[in-house]
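For reference, the chains in residue letters:
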Amino acid sequence: MKWRDPLALIAILLLLWQAMYWVVGDVALTSPVSTFRSLAVMLADPRFWPHVNETLLAFAQGFAIAVVIGLGIGFLLGAHSMTGEVGEPILVALYSIPKVTLYPIILLIVGIGMPAKVAFGAIQGIVPIALFAMNSIRNLNPVFARTGRVLRLSPLASAQRILLPAALPEIVAGIRVGFSLTLVGTLLGEMFGSQRGLGYLLIQAMNLHNMRTIMSVTLLLVIFAASVNAVLLAIDRRLRARA
Amino acid sequence: MKRAGIIRMVVILVAVGALEFLCRTGVISSFVMPAPSTIIYSTVQILASGRFAADIWVTLRNVCISIVAAMVSGVIVGTILHRLPTARRILDPLFATYYAIPVYAFYPLLMVIFGLGDLPQIAVGFLLALMAVIINTLNGLDRVPRVLVKVARMHRLSGWAMDRKVRLPFAAPYVFTGFKLCVAYSFVGVIGAEFITSSRGIGYEISYAYNNFDRERRLLARRRT
């Protein structure tokens, strides 16, 4: 039962894709079979791997920065209620700015190439991680903190043994959202002002109208994002079941 | 105004003031970013000249269409899915992964389906915004207390009447959370799409100004969003 659902979903999506291909034809879409084949060809090509490495490296750095800064801001705003009340609307407002428009400024501040991708990925991820972390701390049952006090735990011990485990499911959910946005951010960062990476391949292929490359790269990205997401989702479920 | 609101205003004013100071003293060179006062000045100037009016109008119209379309279809799809638990269970992983997929990569496909005009951009905004509405509608419908459903059943409300009179009104606050996200995503989607490929709109103007190193115009376009 459990393993059948995702398989059914994948089957449905592949069927839709094939049906779509029959409708719009070769101009806009490649068929699932030929896309998988050209992805395989691509993966066998040694010239392709530097792009993958570049993107992975940029993404890993951006994600690490987003998690550290996001959790830091989130904990601060969550633990101190006044700061939270002041900061939350500012965070939400920042979240709703289309960050693509900030790209040129970021480029000029941090410089072209790798730093721009990392920064662009990170700013997409920071806010959701911070918002989730803030809510997780704020919504903790006050009984937990009081229990810690009754048991005479030091602040550090109570944070470690009670508060963190209780807040963890929400935090993981935030990290999952942050992961997705950082990945999209990194790719967008690569689409403008970059000479390497999967985002660069995508925009290049778009300009040349090379559907084969677009579809293969997109497929690779979807597979990567979906698998990491599935892992994080499984961790999330397990944490929630335990709580 | 509440105390937090006052502090927030102070924080924002201090931040803008600091930016102004850094720009004026040349710590941030005007090459990177003009001072906030300069931005406001050229905003007023360009708005008065009406040079951007057409672009702003196009973008706002596209964003509005995308918002309305996503709101309506999101609530409808969410309500239907809530009544089909099997379909929902199968689609669940898709919902969870949806935002990790770069929609912009599908732009060429959308262009072939919808043509060269504004429709592909509206479609990107719509696709980004739709899922937020669906997810939040489902979330709200899940939280309807059993008692309310039982009372509705006692009054012999049919399925759709129950959705309309009991479930959806109860879910409204959650649905509105989705609407808020929907507005933000529609802006992001439409402007992002204009940025990539288009010949009109605010996003195009930003991209054009960027390529020509016209920072003041770009910042103005951003302030307008």
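Residues numbered from 1 in each chain as written. Chains lettered and ligands numbered in written order. Predicted model: local features only at pLDDT ≥ 70, side-chain atom pairs only at ≥ 80, totals over all residues. Heavy atoms only, no water.

*Asks:* Explain the interface of chain B and chain A here, please?
*Replies:* How big an interface is tends to be stated in terms of accessible area lost as the parts join. Of the residues lining the interface, 45 residues belong to chain B; the matching set on chain A comes to 47 residues. For the pair chain B and chain A, the summed buried area comes to about 4,000 Å², and 80% of that belongs to carbon and sulfur atoms. Summed over the shared surface of chain B and chain A, the number is 1 salt bridge. Linking D92 of chain B and R237 of chain A is a salt bridge whose minimum nitrogen-to-oxygen distance equals 3.3 Å. The interface formed by chain B and chain A contains 3 residue pairs in polar contact (both at pLDDT 80 or more). Elements that contribute at least two residues to the side of chain B that touches chain A include exactly α1 (3-24), α4 (85-97), α5 (107-114), α8 (159-196), α9 (201-211) and α10 (215-224) of chain B. (Contact = heavy atoms within 4.5 Å. Buried area = accessible area lost by both parts, 1.4 Å probe. Salt bridge = Lys/Arg side-chain N within 4 Å of Asp/Glu carboxyl O. Polar contact = N/O pair within 3.5 Å; in protein donor to acceptor, adjacent residues only side chain to side chain. Helix = DSSP H or I, 4+ residues; strand = E, 2+ residues; numbered from the N terminus.)

*Asks:* Help me understand empty space enclosed by the protein, please; the structure alone is not making it clear to me.
*Replies:* Empty space among the atoms becomes apparent when a probe as large as a water molecule is rolled across them. Following the criterion strictly, the structure yields 2 cavities of 30 Å³ or more and no others. When its volume is computed, the largest cavity comes out at roughly 320 Å³. Forming the boundary of the largest cavity are 20 residues, of which Q124 and L181 of chain A together with L128, Y185 and V188 of chain B lie nearest the centre. For the lining of the largest cavity, the secondary structure elements donating two or more residues are α4 (81-96) and α8 (155-191) of chain A together with α8 of chain B. A volume near 40 Å³ is recorded for the second largest cavity. (1 Å grid on protein atoms, 1.4 Å probe; cavity = no way out; pocket = protein on both sides within 12 Å on 5 of 7 lines; lining within 4 Å. Points joined across faces, edges and corners; volume = space filled by probe spheres on them.)

*Asks:* Where do I start with the packing of helix α3 (residues 49-79) of chain A against helix α9 (residues 198-208) of chain A in this structure?
*Replies:* Packed helices, taken two at a time, are described by the angle between their axes plus the distance between the axes. Residue and element names in this part refer to chain A. At a minimum axis distance of 7 Å, the contact between α3 and α9 shows a crossing angle of 120 degrees. Our classification of the angle between α3 and α9 gives oblique. Counted together, H51, V52 and T55 of α3 and L198, Y200 and L201 of α9 form the full contact between these two elements. For the contact of α3 with α9, a count of residues per class yields 4 nonpolar, 2 polar and no charged. (Axes fitted to C-alpha atoms, helices over the stretch in contact; angles between N-to-C directions. Parallel < 35°, antiparallel > 145°, perpendicular 65-115°, else oblique. Nonpolar A, V, L, I, M, F, W, Y, C, P; charged D, E, K, R; others polar.)

*Asks:* What exactly am I supposed to notice about the confidence of the model for chain B here?
*Replies:* Predicted coordinates in areas of low pLDDT are best not read in detail. Mean pLDDT over chain B: 80, with 86% of residues reaching 70 or higher. Per-element mean pLDDT across chain B ranges from 56 in α10 of chain B up to 90 in helix α3 (residues 53-82) of chain B. (pLDDT = per-residue confidence, 0-100.)

*Asks:* What exactly am I supposed to notice about the domain arrangement of chain B here?
*Replies:* Domain parsing of chain B yields domain 1 (3-49) and domain 2 (53-211). Distance from the C-alpha centre of domain 1 of chain B to the C-alpha centre of domain 2 of chain B: 34 Å. (Domains from an automatic or database assignment.)

*Asks:* Any chance you could explain the environment of M131 of chain B here in plain terms?
*Replies:* Residue and element names in this part refer to chain B. With respect to the helices and strands, the residue M131 is situated in helix α6 (residues 119-142). For M131, a relative accessible area of 6% translates into the label buried. Between the alpha carbons of M131 and P120 there is a distance of 17 Å; along the sequence they are 11 residues apart. Each residue touching M131, except ones within four places of it in the same chain, is listed here: F95, Y98 and Y99. (Buried < 20%, exposed > 50% of the residue type's maximum accessible area, 1.4 Å probe, protein only.)

*Asks:* Looking at this model, I keep getting lost on the nonpolar core. Mind explaining?
*Replies:* The nonpolar side chains of a soluble globular protein tend to be buried, and buried together. Formed by 94 residues in total, the largest nonpolar core has its most connected members in L188 and L198 of chain A. Residues in contact with L198 of chain A, not counting those within four places in the same chain, are F48, H51, V52, T55, L187, E190, V217, L220 and L221 of chain A. Counting residues in hydrophobic clusters, the runner-up holds 5 residues, among them V144, V149, A152 and V166 of chain B. (Core = buried A, V, L, I, M, F, W, Y, C linked by side-chain atoms within 4.5 Å.)

*Asks:* I would appreciate a short explanation of the packing of α9 of chain A against helix α10 (residues 211-242) of chain A in the present structure.
*Replies:* Residue and element names in this part refer to chain A. Closest axis-to-axis distance for the α9/α10 pair is 9 Å, and the angle between their directions is 150 degrees. Comparing the axis directions of α9 and α10 gives the class roughly antiparallel. Once α9 is placed against α10, the crossing between them reads as left-handed. Mapping the contact onto sequence places L198, L201, L202, A205 and M206 in α9 and T213, I214, V217, T218, L220 and L221 in α10. Of the residues belonging to the contact of α9 with α10, the class tally is 9 nonpolar, 2 polar and no charged. (Left-handed = near helix turned anticlockwise from the far one by under 90°.)

*Asks:* Looking at this structure, how should I read the pattern of salt bridges?
*Replies:* When the charged atoms of two side chains with opposite charge come close together, those side chains can pair. Per the counting criterion, the structure on display carries 11 salt bridges over all chains. Through salt bridges with shared partners, a single ionic network connects E54, K117, E190 and R196 of chain A.

*Asks:* Is there a simple way to explain a nonpolar patch on the surface in this structure?
*Replies:* Residue and element names in this part refer to chain B. On the surface, a nonpolar cluster with roughly 570 Å² of combined accessible area is contributed by V68, V72, I76, I80, L84 and W160. Ranked by residue count, the leading element in the nonpolar patch is α3, at 4 residues. For I80, the position within the fold is in helix α3. For I80, a relative accessible area of 39% gives the class partly exposed. (Patch = residues over 30% accessible without salt bridge, like charges linked within 9 Å, V, L, I, M, F, W, Y side chains within 5 Å. Areas by Shrake-Rupley, 256 points an atom, 1.4 Å probe, with all protein chains shown as cover.)

*Asks:* Would you take a moment to explain unusual backbone geometry for this structure?
*Replies:* For residues that are not glycine, phi is negative in most cases, and the peptide bond is trans in most cases. Look at R152 of chain A: it is not a glycine, yet its phi comes out positive at around 55 degrees. As for its placement among the helices and strands, R152 of chain A is situated in the loop between α7 (142-150) and α8. Residue classification places R152 of chain A among the exposed positions, given a relative accessible area of 75%. Positive phi values are uncommon outside glycine, yet R156 of chain B reaches one of about 55 degrees. Here R156 of chain B shows up in the loop between α7 (146-154) and α8. A relative accessible area of 75% places R156 of chain B in the exposed class.

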